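# Fold and contact review
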Amino acid sequence: MPNLYFSKKIFMTTKSILTKSSLSFLETYLNNASPTGYESNGQKIWMNYLKPYVDTFITDTYGSAVGVINPGAKYKVIIEGHSDEISWYVNYITAEGLIYVIRNGGSDHQIAPSKRVNIHTKKGIVKGVFGWPAIHTRNRGKEENATLHNIFIDCGCSTKEEVEKLGVHVGCVITYPDEFMILNGNKFVCRAIDNRMGGFMIAEVARLLKENKKKLPFGLYIINSVQEEIGLRGAEMITQTIKPNVAIVTDVCHDTTTPMIEKKIEGDLQMGKGPVIAYAPAVHNTLRDLIVDTAEKNKIPFQRHATSRVTGTDTDAFAYSNGGVPSSLISLPLRYMHTTVEMVHRKDVENVIKLIYESLLRIEADHNFSYFE
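Residues numbered from 1 in each chain as written. Predicted model: local features only at pLDDT ≥ 70, side-chain atom pairs only at ≥ 80, totals over all residues. Heavy atoms only, no water.

## Regarding the sheet that holds strand 11 (residues 187–190)
A sheet is described by the order of its strands in space; here 3 strands give the open sequence 10-11-17, paired in antiparallel fashion. A strand with exactly one partner marks an edge of an open sheet, and here the two such strands are strand 10 (181–183) and strand 17 (342–345). The sheet shows a mean angle of 30° between the axes of neighbouring strands, direction not considered. Note that strand 10 and strand 11 share 3 bridges and pair antiparallel. By the bridge assignment for strand 11, Leu 183 is matched with Lys 187. With respect to the sheet, helix 10 (residues 346–360) is in contact with strand 11 and strand 17, its orientation differing from that of strand 17 by roughly 65°. (Pairing = 2+ DSSP bridges. Helix = DSSP H or I, 4+ residues; strand = E, 2+ residues; numbered from the N terminus. Axes fitted to C-alpha atoms, helices over the stretch in contact; angles between N-to-C directions. Contact = heavy atoms within 4.5 Å.)

Below, the structure written as structure tokens:
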């Protein structure tokens, strides 16, 4: 059973669109490890939750999962998040039984020292820690910072042979075990909120469509893509399979209100102030304007973010596929990206769900998102 943190007052709010069941799913889904290239267990959890709200599923050979509503419709709209999380690979095992690593995605070496880890092997999980020299032993006149080349994992062994006997070998993937919690009643905290929260939000859109008995005039493809963290690869593959007419992508962006972030560079974005609508060459102007208009008409608070040449999200993969697919990006403001304490505001989560839901209700079965409108 999941270890629920939710108080009665969180569940009882009349304005909330999140249910006890959906929040229980969120906790289970976030706590499960789904490192890039090894997303299958998380995808199974996601598909099991989504099953009552869709007509069928599509999966591909690398693990992207798609719930489909109205699969026979010619016009196809997708809503998408990605399911993978950053991790490490075992790269080298010393004669003394210490493990050196390389990145699988954008893993942050600076947060590694003293973190506990799970090493995934065919024999099961092997526990370990990122070791670090004690403060007493370090040269205080010339402190050495953590780098990708000096961080190492200790799993309690004294020889390479001991490590290998546990089932650990070069290529084993490594994740952090940090689990879900709620701070101050309305902040969701966990590793891998980037971007399993996206998978959660699009699943909630499907649930609301079903529960509110909304009939869409097009096929809706709810996509949980794999391998975004290493180059948008899952989206590149699945868009060729589906060949959508429209794509609405959701991911995370930076809350820029914490220390050491320059707003003149990163923009002025804050969790709790609403979904973030992207402006970028890959974002189709007419589709974005429909989403902005939807937010204004439904009094959904939102923020704007200019992302320059690329969005850095699956939006880019969908936009430039199949001769060009009108695409847009709705982001969730997040603090401490690519750490084990990623943080988002519950209110923003709900408003992203609402904005995607209401935007879908405004798309027609043959909507022509002309660039020249």
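Structure's up, so let's keep going.
## Let's talk about helix 8 (residues 285–297)
Between its first and last C-alpha, helix 8 extends 18 Å over 13 residues, near the 18 Å set by a 1.5 Å rise per residue. Tucked into the core, helix 8 has its buried residues touching strand 13 (246–254), strand 14 (276–279), strand 15 (303–306), strand 16 (327–334) and helix 10. In the segment just after helix 8, Lys 299 is the residue with positive phi, at about 55°. (Expected span 1.5 Å × (residues − 1).)

## Digging into helix 2 (residues 20–31)
Taking 1.5 Å per residue, 12 residues should reach 16 Å; helix 2 reaches 17 Å between its end C-alpha atoms and fits that length. Within the span of helix 2, buried status applies to Ser 22, Leu 23, Phe 25, Leu 26, Glu 27, Tyr 29 and Leu 30. (Buried < 20%, exposed > 50% of the residue type's maximum accessible area, 1.4 Å probe, protein only.)

## Digging into the nonpolar core
Counting residues in each nonpolar core, the largest one holds 59 residues, and the members touching the most others are Phe 188, Met 197, Leu 220, Ile 222 and Leu 360. No other element matches the 10 residues that helix 5 (residues 193–211) contributes to this core. Apart from the residues within four sequence positions on either side, Leu 360 is in contact with Val 77, Ile 79, Val 205, Leu 209, Leu 216, Phe 218, Leu 220 and Ile 248. One finds Ile 99, Val 126, Cys 157 and Cys 172 within the second-largest nonpolar core, a separate group that totals 20 residues. (Core = buried A, V, L, I, M, F, W, Y, C linked by side-chain atoms within 4.5 Å.)

## Concerning the packing of aromatic side chains
Taken as a whole and assessed by the stated rule, the structure comprises 9 aromatic pairs. Relative to Tyr 53, the ring of Tyr 49 has its centre 5.9 Å away and its plane inclined at 70°; by these criteria the two rings are edge-to-face. Classification of Tyr 49 by relative accessible area gives buried; the value is 10%. Judged by its relative accessible area of 16%, Tyr 53 is buried. Of the aromatic side chains, those joined through ring pairs into one cluster are Phe 25, Tyr 29, Tyr 49, Tyr 53 and Phe 200. Over the ring of Tyr 176 we find Lys 115; its NZ or CZ atom is 5.8 Å from the centre of that ring. (Phe/Tyr/Trp six-rings, centres within 6.5 Å; stacked < 30°, edge-to-face > 60°. Lys NZ or Arg CZ within 6 Å of the ring centre and 35° of its normal.)

## Considerations on the side chain of Asp 314
Within the element layout of this structure, Asp 314 appears in helix 9 (residues 314–319). There is no salt bridge for the buried Asp 314, and the closest opposite charge comes from Arg 233, which lies 9.4 Å off by N-O distance. In contact with Asp 314, not counting residues within four places along its chain, are Glu 80, His 82, Ser 225, Glu 228, Leu 232, Ala 235 and Val 249. (Lys, Arg positive; Asp, Glu negative; His and termini not counted. Salt bridge = Lys/Arg side-chain N within 4 Å of Asp/Glu carboxyl O.)

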